[in-house]
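# Architecture and fold: a report
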Amino acid sequence: MQADIFDVTAQDFQTVIAQGSVNKPVLVAFWSSQCTLCQSLLPLLEQLQREHANGFTLAKVNCDTEHQITQHFEIKSVPTVYMFVNGQGVDGFAGEQTPAFINDFINKHLPDPAMALLGDAQTLFAQGNLEEAKSTILQAQKLNATDNQIKLALAQIYLALGEFENAKPILAVIPLADQNMIYHSLISELELAEQSSQTPEITALEADLLNAEDKLPIQYQLSIQYHHVKRYQEALSLLYSLLSKDLGYENGDAKKTMLDILATIDDATLVSEYRRKLYSLLY
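In what follows, the accompanying structure is described. Just so you know, these numbers come straight off a predicted model, no measurement behind them.

Where strand S2 (residues 26–31) and strand S4 (residues 80–85) come together, five bridges link them in antiparallel fashion. Among the inter-strand pairings, Phe-30 is bridged to a residue of S4, identified as Thr-80. Sheet topology places S4 next to strand S5 (residues 88–94); six bridges connect them, and they run antiparallel. Looking at S5, one finds that Val-85 is bridged to Gln-88.

Spelled out as structure tokens, the structure:
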């Protein structure tokens, strides 16, 4: 017996099928050793169970020996296949079917993998495992880039990690229909974070930058201040603009500062973008 593949008897029917299908779908295959079709169907079902990464349980019922179960379900012919979800038989088919039909039959009853990852990320977030939650929700986003539940969860994790610049553009595109209580809470959190990151030093430097004839010294100091409050996008943008004008600014200190920021922030997309930009200046 392999993981999540069972030869079911009357003794374990309740555990494997009725109770087991509460946690994940259970595909029940009624078969007989006298059935030629069954001999090809069972290996196919086992293969699909493995290919779906244990997304469902396969329960095989031998009608030659398990008369009680067979009679209970009034099985008239084999092979007969039922899908159980939450303890109830919700769908089924009988007789010969193509592999494509069977795969589609299974897929329509499996939970959305992106939603499953969303649930995992939310659990990790609640447990305080923020980096794991971030990695998990980014996987969900790769599977479903348009779902607003996933977007909100990602923004929530970014805010908890202090990655305000990553959260802001996500929240900016949430449509009105999905601007729920969680959304408004995150907007408030973002506004508070932005207020706390707008230090007097930053305000003064931003004002000076507008009117300065020689902007490079102010850009450099402002980029450092942005970095201190985790406004990484703005810090890197300023440094790149400065280095575009003077690659060796401050005897190379500005370039070193940019490399140090790229080495310490945990945002693969942002790091990749500005490493590419910096290398274009170097080479």
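The rest of the description comes next.
Before going further, it helps to examine the packing of aromatic side chains. The full count for this structure, using the stated rule, is nine aromatic pairs. Site record: aromatic cluster; members linked through ring pairs are Phe-13, Phe-30, Phe-73, Tyr-82 and Phe-84. In this structure, Lys-277 packs its charged tip against the face of Tyr-240, placed 5.4 Å from the ring centre. Over the ring of Tyr-274 we find Lys-277; its NZ or CZ atom is 4.7 Å from the centre of that ring.

Our focus in this paragraph is the sheet that holds S5. Taking strand neighbours across the sheet as the criterion, the five strands line up as S1-S3-S2-S4-S5 in an open arrangement whose pairing is mixed. Two strands bound the open sheet, and with one partner strand each, they are strand S1 (5–7) and S5. The sheet shows a mean angle of 20° between the axes of neighbouring strands, direction not considered. Across the face of the sheet, helix H1 (residues 13–23) comes into contact with S1, S2, strand S3 (57–62), S4 and S5 while running at roughly 155° to S2.

Another aspect to go through is the packing of helix H12 (residues 232–245) against helix H14 (residues 268–282). At a minimum axis distance of 10 Å, the contact between H12 and H14 shows a crossing angle of 5°. Relative to H14, H12 is oriented roughly parallel. For the pair formed by H12 and H14, the contact residues are Tyr-232, Gln-233, Leu-236, Ser-237, Tyr-240, Leu-243 and Ser-244 on the first element and Leu-270, Tyr-274, Lys-277, Leu-278, Ser-280 and Leu-281 on the second. A breakdown of the residues in the contact of H12 with H14 according to their chemical character gives eight nonpolar, four polar and one charged.

Attention now goes to the pattern of salt bridges. This model, assessed by the stated rule, comprises nine salt bridges. The shortest N-O distance in the salt bridge between Lys-60 and Glu-46 comes to 2.8 Å. Of the two residues, Lys-60 is situated in strand S3 and Glu-46 in helix H2 (residues 36–51); the sequence distance between them amounts to 14 residues. Each of the two residues, Lys-60 as well as Glu-46, counts as buried. Across the salt bridge formed by Lys-108 and Asp-91, the nearest N and O atoms sit 3.1 Å from each other.

What counts, and where the lines are drawn
Residues numbered from 1 in each chain as written. Predicted model: local features only at pLDDT ≥ 70, side-chain atom pairs only at ≥ 80, totals over all residues. Heavy atoms only, no water. Pairing = 2+ DSSP bridges. Helix = DSSP H or I, 4+ residues; strand = E, 2+ residues; numbered from the N terminus. Phe/Tyr/Trp six-rings, centres within 6.5 Å; stacked < 30°, edge-to-face > 60°. Lys NZ or Arg CZ within 6 Å of the ring centre and 35° of its normal. Axes fitted to C-alpha atoms, helices over the stretch in contact; angles between N-to-C directions. Contact = heavy atoms within 4.5 Å. Parallel < 35°, antiparallel > 145°, perpendicular 65-115°, else oblique. Nonpolar A, V, L, I, M, F, W, Y, C, P; charged D, E, K, R; others polar. Salt bridge = Lys/Arg side-chain N within 4 Å of Asp/Glu carboxyl O. Buried < 20%, exposed > 50% of the residue type's maximum accessible area, 1.4 Å probe, protein only.

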